[in-house]
Protein chains: 2
Amino acid sequence: MRATVLHAPGDVRLDEIPDATVVEPTDAVVKVLAGCICGSDLWGYRGANGAFDPRTIGHECIGEIVEVGAEVRDFRVGDHVVVPFCHSDNTCAHCRAGFHSVCTHSGFTVSGQAEYARVTQADGSLVRVEGGITPANRAALLTLSDVFPTGWHAAVSARVQPGHTTVVVGDGAVGLCGVLAAVTMGAERVIAMSRHADRQAVATTFGATHLVAERGEAAKEAVMELTDGVGADSVLECVGTGASMETAFDVARPGATVGFVGVPHGVDLSIRRMFDSNVGLRGGMAPVRAYLPDLLGRVERGEVDPSGVFDLELGLDAVAEGYRAMDERRAIKVLLTPEP
Amino acid sequence: MRATVLHAPGDVRLDEIPDATVVEPTDAVVKVLAGCICGSDLWGYRGANGAFDPRTIGHECIGEIVEVGAEVRDFRVGDHVVVPFCHSDNTCAHCRAGFHSVCTHSGFTVSGQAEYARVTQADGSLVRVEGGITPANRAALLTLSDVFPTGWHAAVSARVQPGHTTVVVGDGAVGLCGVLAAVTMGAERVIAMSRHADRQAVATTFGATHLVAERGEAAKEAVMELTDGVGADSVLECVGTGASMETAFDVARPGATVGFVGVPHGVDLSIRRMFDSNVGLRGGMAPVRAYLPDLLGRVERGEVDPSGVFDLELGLDAVAEGYRAMDERRAIKVLLTPEP
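For chain A, an unreviewed UniProt entry supplies the name Zinc-binding dehydrogenase and the organism Nocardioides yefusunii. Taken directly from UniProt, the Cofactor (unreviewed entry) text for chain A runs: "Zn(2+)". For the record of chain A, the UniProt heading Sequence similarities (unreviewed entry) holds the text "Belongs to the zinc-containing alcohol dehydrogenase family."

Structural data, given as structure tokens:
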């Protein structure tokens with residue numbers, strides 16, 4: 001099959017490799033109808049994760065089941081499904097508590113930017129799209145594989161409540177989905193921190209009521225001015241750097257919670273600051289499967305449409321250009337179609 | 001007036017100093033009917049906070065109002081009151097949100113181990129004891145000044161829910177109050193980490209269902225065995241050291257929240273660990289005033305009795321012995337009476 005392989009920082013290629021197959025009897029194999037590039041893929045692409053051997057890359061996809069293992073009970077060949085980037089049995093104590101990303105049988109999609117992807121724990125991981133995946137709903141459904149539930153998890157972790165003033169730090173696809181999540185949860189004012197016109201436009205489409213283009217101390221001042229010096233009721237940290245976390249704490253009112261979903265790189269937390277302000281911190285890898293039935297319903301009923309995070313669609317052949325476009329911030333998020 | 005003064009690490013004395021007086025028109029002066037020594041007083045007593053000039057010490061007390069400023073409306077001379085260790089206006093945005101410890105007009109009791117104490121923002125800070133302070137209710141009421149609401153705040157911050165398995169790290173007076181708070185909030189199993197027989201006895205009296213005497217890795221294993229390998233639903237960190245915070249995260253199940261109230265000393269947080277486990281952290285200085293009306297009612301109705309944290313009662317003259325007893329762990333918490 002054709003699959004995207006990260007050979008070295010900056011060197012991503014579409015290679016021919018052996019097909020994804022059923023390995024465990026609880027596996028399924030999905031023919032990818034749409035995949036995409038995640039902001040977190042750029043960490044490896046940019047060399048921020050250190051040395052590595054060449055490996056397939058891509059953890060987001062939706063598709064059609066082409067093979068199921070002998071123990072898969074709830075899905076059959078031909079089903080159209082959303083594939084959560086982290087797989088889970090949906091029965092262990094952590095899954096039952098809604099934290100599927102820490103499942104005792106967790107696994108991950110490793111060839112989402114390819115023709116086929118193996119899904120472990122198929123019964124516990126997959127969610128069926130009853131009406132089928134079509135060119136019209138493809139982009140919105142694809143966001144359910146990771147980016148929209150991750151933005152949602154930031155908002156859940158920050159405990160966004162109706163009436164809140166919510167700040168979203170980060171205007172990548174996750175941050176934009178965080179805006180949409182906070183708006184959907186009833187936040188009255190959603191302040192998107194963004195200084196890129198294209199991302200500001202999506203944030204506004206998603207319901208952001210205010211845009212703050214400043215950074216650092218000036219960003220804090222802007223939020224304090226908007227909140228009469230009080231700060232935000234909830235803050236979504238959707239980047240993962242030390243500077244973004246600093247800003248998140250800067251703008252949080254005492255007692256607020258910072259919900260974080262950006263994979264942390266170079267973040268030093270000050271517990272003394274947390275103690276003095278009573279600002280909490282909560283988040284991590286999103287339990288996509290926990291949110292999927294609810295979010296899929298909202299998307300299918302047309303209540304939310306996160307598809308606006310995709311601003312570039314390419315065939316799988318052009319995956320290298322997709323990485324370049326995201327790396328150079330020419331694109332917010334790239335959708336890849338194996339068969340254009 | 002006679003007041004406890006910390007002259008240098010290990011050197012605490014009862015000195016004669018000028019009386020506490022009304023300075024601002026919003027102040028009141030309270031004749032201390034009972035004060036006590038806090039675990040956090042020991043940080044300075046042990047020299048852990050660096051160099052300092054001699055200063056009065058003691059932030060917990062209850063008493064009778066002997067003087068009010070011209071702008072105090074709700075209290076008059078003769079009223080018996082609980083004095084929250086942190087003073088607040090009870091009207092600013094932070095107070096209205098329940099975070100009185102970050103009030104824009106915050107102040108602190110600085111001579112609670114003395115004959116008189118000045119209370120700033122008297123109307124916003126004090127809570128009247130309608131039935132009056134008596135020798136019989138004195139100890140329980142005194143806990144409302146800091147230690148019981150602080151244990152309560154740990155449980156609130158950790159989001160203890162009915163049915164939870166809750167671990168309390170720390171068997172000082174705050175940790176023991178955390179046990180009582182978790183039990184009162186309906187936790188089904190409360191695991192107190194304690195290896196001192198006297199503290200274990202109080203924890204059990206307060207409703208702890210399990211005692212874990214081990215520390216470090218062995219403590220984690222003990223909790224994991226009690227929870228079928230899952231971990232605790234909520235964790236109260238009531239010490240403030242690196243080791244205690246490490247244990248708190250060790251025993252927390254994915255998705256749990258660690259509520260912390262120990263003033264942090266030498267704590268390095270691992271955000272990567274928080275990300276991987278989705279374990280949150282939340283807490284800080286307790287907004288005593290926020291909880292006081294509720295907790296005072298519970299104490300007055302006899303629903304909870306935190307007085308068991310006091311195991312030594314001394315006259316103010318013997319304050320130095322009180323510090324020695326707590327420093328050497330001969331006493332859990334010392335109650336001081338200016339007029340024995």
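What follows picks up the thread again.
A.B. asks: Please explain the relation of the copies chain A and chain B as it appears in this structure.
C.D. replies: In this structure, two copies of a chain are linked by a rotation about an axis accompanied by a shift along it. Of the transformation placing chain A onto chain B, the axial shift is 0.0 Å and the rotation is 180 degrees, giving an RMSD of 0.0 Å. The symmetry that links the two subunits is that of a two-fold axis. For chain A, the smallest separation between a C-alpha atom and the rotation axis is recorded for Leu281 of chain A, amounting to 2.7 Å. Looking at the interface residues of chain A, 100% of them are also at the interface in chain B, so both copies use one shared face.

A.B. asks: Even after reading the chapter, I still don't get the domain arrangement of chain A, so can you show me in this structure?
C.D. replies: All names here are of chain A. Assigned domains of chain A: these are domain 1 (2-146 + 287-337) and domain 2 (148-283). Placing the centre of domain 1 and that of domain 2 at their C-alpha centroids yields a distance of 26 Å. Counting residues at the interface gives 24 residues for domain 1 and 22 residues for domain 2. When the two sides are added together, the surface that domain 1 and domain 2 hide from each other amounts to roughly 1,900 Å², 70% of it contributed by carbon and sulfur. Contact with domain 2 buries area across many residues of domain 1, yet Trp43, Tyr291 and Ile332 alone supply 31% of it, more than any other trio. Where domain 1 meets domain 2, there are zero salt bridges. The tally of links from domain 1 across to domain 2 stands at six residue pairs in polar contact (both at pLDDT 80 or more). Broken down by element, the residue count for the side of domain 1 that touches domain 2 peaks at five residues, all from helix α11 (residues 288-300).

A.B. asks: Before we go on, may I ask you to explain the environment of Thr166 of chain A in this structure?
C.D. replies: Residues and elements named next belong to chain A. Its location among the elements puts Thr166 in strand β11 (residues 165-169). For Thr166, a relative accessible area of 0% puts it in the buried group. Thr166 sits 148 residues away from Pro18 along the chain, and the two C-alpha atoms are 46 Å apart. Beyond its immediate sequence surroundings of up to four residues, Thr166 is in contact with Val160, Ala182, Ala187, Arg189, Val190, Ile191, Ser234 and Leu236. Polar contacts involving the side chain of Thr166 include one to the side chain of Ser234, which spans 2.9 Å.

A.B. asks: How should the packing of aromatic side chains be read in this particular structure?
C.D. replies: Tallied over the entire structure, the rule returns eight aromatic pairs over all chains. Ring geometry for Phe260 of chain A versus Phe275 of chain B: centroids 6.1 Å apart, planes at 55 degrees, classification tilted. Linking Phe260 of chain A in strand β15 (residues 252-260) with Phe275 of chain B in helix α10 (residues 271-277), this pair reaches from one chain into another. Accessibility expressed as a relative area gives 3% for Phe275 of chain B, which makes it buried. Cation over ring: Arg55 of chain A sits above Phe52 of chain A, and NZ or CZ is 4.6 Å from the ring centre.

A.B. asks: Help me out: how do you make sense of the interface of chain A and chain B in this one?
C.D. replies: Buried accessible area, meaning the area lost when the parts come together, often serves as the stated size of an interface. Listed as interface residues are 34 residues of chain A and, on the opposing side, 34 residues of chain B. Taken together, the two surfaces of chain A and chain B that pack against each other cover about 3,000 Å², and 67% of this comes from carbon and sulfur. By the criterion of area lost to chain B, the three top residues of chain A are Ile271, Phe275 and Asn278 of chain A, representing 25% of everything that side buries. Our enumeration of links across chain A and chain B arrives at zero salt bridges. If you look at where chain A meets chain B, you find nine residue pairs in polar contact (both at pLDDT 80 or more). Looking at the side of chain A that touches chain B, the elements that each hand over two or more residues are α2 (93-96), β15, α10 (271-277) and β16 (280-283) of chain A. A class-by-class count of the residues in the side of chain A that touches chain B yields 18 nonpolar, 11 polar and five charged.

A.B. asks: How do you make sense of the sheet that holds strand β2 (residues 11-16) of chain B when you look at a structure like this?
C.D. replies: Note: strands within a sheet are paired through backbone hydrogen bonds, in either parallel or antiparallel orientation. Strand order in the open sheet formed by three strands is β2-β1-β4 (chain B), with antiparallel pairing between adjacent strands. Either end of the sheet is taken by a strand with one partner, and the two such strands are β2 and β4 (55-56) of chain B.

A.B. asks: Help me out: how do you make sense of unusual backbone geometry in this one?
C.D. replies: Note: most residues except glycine have negative phi, and most peptide bonds are trans. Positive phi, normally seen in glycine, also occurs at Asp228 of chain A, with a value near 55 degrees. Secondary-structure assignment places Asp228 of chain A in the loop between α8 (216-226) and β14 (232-237). Phi at Asn90 of chain B takes a positive value of approximately 65 degrees, unusual for a residue other than glycine. The class of Asn90 of chain B is partly exposed, set by a relative accessible area of 30%.

A.B. asks: Help me understand the pairing of strand β5 (residues 61-68) of chain B in this model?
C.D. replies: Regular strands have side chains that alternate between both faces of the sheet. All names here are of chain B. Here strand β3 (residues 28-36) runs beside β5; their pairing, made up of seven bridges, is antiparallel. Looking at the pairing, Val32 lines up with Gly63 of β5. Bridge count for β5 against strand β6 (residues 80-83) is four bridges, and the pairing is antiparallel. Paired with Cys61 across the bridge in β6 is Val83.

A.B. asks: Sorry if this is basic, but what is going on with the sheet that holds strand β1 (residues 2-8) of chain A here?
C.D. replies: All names here are of chain A. The strand order across the open sheet formed by three strands is β2-β1-β4, and the pairing between neighbours is antiparallel. Edge positions in the open sheet fall to β2 (11-16) and β4 (55-56), since each of these has one partner strand only. As paired elements, β1 and β4 share two bridges and run antiparallel to each other. Residue pairing for β4: Val5 is matched across the bridge by Thr56.

A.B. asks: Teacher, can you tell me more about the state of the cysteines here?
C.D. replies: As used in these notes, a disulfide is a covalent bond between sulfur atoms, one from each of two cysteines. This model, assessed by the stated rule, comprises zero disulfides over all chains. Among the cysteines around Cys38 of chain A, which has no disulfide bond, Cys36 of chain A carries the closest sulfur, lying 7.5 Å off. By relative accessible area, which is 8% here, Cys38 of chain A ends up buried. Free cysteine: Cys95 of chain B, not disulfide-bonded; nearest cysteine sulfur from Cys103 of chain B at 3.8 Å.

A.B. asks: Before we go on, may I ask you to explain the nonpolar core in this structure?
C.D. replies: Residues and elements named next belong to chain A. Leu141, Leu144, Phe148, Val160, Leu236 and Val309 are the most contacted members of the largest nonpolar core, which totals 53 residues. Taken together, the elements giving at least two residues each to this core come down to β3 (28-36), α4 (138-142), α5 (147-157), α6 (173-184), β12 (189-193), α7 (197-205) and α11. It is α6 that provides the largest number of residues to this core, a total of eight residues. When residues are assigned to domains, this core turns out to be shared by domain 1 (2-146 + 287-337) and domain 2 (148-283), each giving three or more.

A.B. asks: Would you mind going over the packing of helix α5 (residues 147-157) of chain B against helix α6 (residues 173-184) of chain B with me for this structure?
C.D. replies: Two measures define how a pair of helices packs: the angle their axes make with one another and the distance between the axes. All names here are of chain B. Packing of α5 against α6 leaves a shortest axis separation of 7 Å and a crossing angle of 60 degrees. Here α5 lies oblique to α6, going by the angle between them. As for the relative orientation of α5 and α6, their crossing is right-handed in sense. Counted together, Val147, Phe148, Thr150, Gly151, Trp152 and Ala155 of α5 and Ala173, Val174, Cys177, Gly178, Leu180, Ala181, Ala182 and Thr184 of α6 form the full contact between these two elements. Within the contact of α5 with α6, the residues separate by chemical class into 10 nonpolar, four polar and no charged.

So, how was this worked out
- Residues numbered from 1 in each chain as written.
- Chains lettered and ligands numbered in written order.
- Predicted model: local features only at pLDDT ≥ 70, side-chain atom pairs only at ≥ 80, totals over all residues.
- Heavy atoms only, no water.
- UniProt positions renumbered as here; feature names shortened; annotations may be inferred.
- Least-squares fit on C-alpha atoms with pLDDT ≥ 70 in both.
- Contact = heavy atoms within 4.5 Å.
- Domains from an automatic or database assignment.
- Buried area = accessible area lost by both parts, 1.4 Å probe.
- Salt bridge = Lys/Arg side-chain N within 4 Å of Asp/Glu carboxyl O.
- Polar contact = N/O pair within 3.5 Å; in protein donor to acceptor, adjacent residues only side chain to side chain.
- Helix = DSSP H or I, 4+ residues; strand = E, 2+ residues; numbered from the N terminus.
- Buried < 20%, exposed > 50% of the residue type's maximum accessible area, 1.4 Å probe, protein only.
- Phe/Tyr/Trp six-rings, centres within 6.5 Å; stacked < 30°, edge-to-face > 60°.
- Lys NZ or Arg CZ within 6 Å of the ring centre and 35° of its normal.
- Nonpolar A, V, L, I, M, F, W, Y, C, P; charged D, E, K, R; others polar.
- Pairing = 2+ DSSP bridges.
- Disulfide = S-S within 2.5 Å.
- Core = buried A, V, L, I, M, F, W, Y, C linked by side-chain atoms within 4.5 Å.
- Axes fitted to C-alpha atoms, helices over the stretch in contact; angles between N-to-C directions.
- Parallel < 35°, antiparallel > 145°, perpendicular 65-115°, else oblique.
- Left-handed = near helix turned anticlockwise from the far one by under 90°.

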